[in-house]
Amino acid sequence: MSAHCQLTGAQPGFGKTISHSHRRTSRRFDPNIQRKRYWLASEGRHVRLTLSAKGIKTVDVIGVEAAVARIRARGGKV
């Protein structure tokens, strides 16, 4: 599963870890990605979405139907 939110488009950020001696090594900042299942009443089925924590909160506010419409508008498959 890639660390990518279907709704917000959140992706990993890249940077450096700096040790006590100030050596720099590459690291990856992953978003908090969860797989969540929602009931999509208009289609009479469940949909499983890969969402970040912020994306889950957004679905709670705007609703599943509007969230799926946004994902499809971005060209995502649901």
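Rules of the game
In this convention, every chain numbers its residues from 1, walking through the sequence in written order. Only residues with pLDDT of 70 or above have their local features reported here, since the model is predicted, and side-chain atom pairs are shown and tallied only from 80 upward, although totals for entire chains, interfaces and linings are computed over all residues. Calculated side-chain values reflect all of the structure's heavy atoms, with hydrogen atoms and water omitted. Helix and strand assignments come from DSSP, with helices taken as H or I runs of at least 4 residues and strands as E runs of at least 2, each series counted from the N terminus. The contact definition used throughout considers only heavy atoms, calling two residues in contact when any of these lie within 4.5 Å. Partly exposed describes any residue whose relative accessible area lies between the buried limit of under 20% and the exposed limit of over 50%, with all areas from a 1.4 Å probe on protein chains only and scaled to the type maximum. Structural elements are reduced to axes, namely lines fitted to C-alpha atoms, with helices fitted over the stretch in contact, and the angle between N-to-C directions of any two is expressed from 0 to 180 degrees. Comment on the angle field: the value is read as roughly parallel under 35 degrees, roughly antiparallel over 145, roughly perpendicular from 65 to 115, and oblique elsewhere. Three categories are distinguished: nonpolar for Ala, Val, Leu, Ile, Met, Phe, Trp, Tyr, Cys and Pro, charged for Asp, Glu, Lys and Arg, and polar for the others, with Gly belonging to the last.

Moving on to the environment of T58. Tracing the backbone shows T58 in helix α1 (residues 53–62). For the pair T58 and L7, spaced 51 residues apart in sequence, the C-alpha separation works out to 8.6 Å. In this structure T58 touches L7, G63 and R70, once residues within four positions along its chain are discounted.

Among the secondary structure elements, I18 is positioned in strand β1 (residues 13–18). Judged by its relative accessible area of 42%, I18 is partly exposed. Those residues in contact with I18 that lie beyond four places of it in its chain are R23 and R24.

On to the packing of α1 against helix α2 (residues 64–73). Contact geometry for α1 and α2: axes closest at 7 Å, N-to-C directions at 125 degrees. Our classification of the angle between α1 and α2 gives oblique. Contact residues: T58, V59 and I62 in α1; V64, A66, A67 and R70 in α2. Considered class by class, the residues forming the contact of α1 with α2 number 5 nonpolar, 1 polar and 1 charged.

Functional significance is not addressed by these values, which are geometric in nature.
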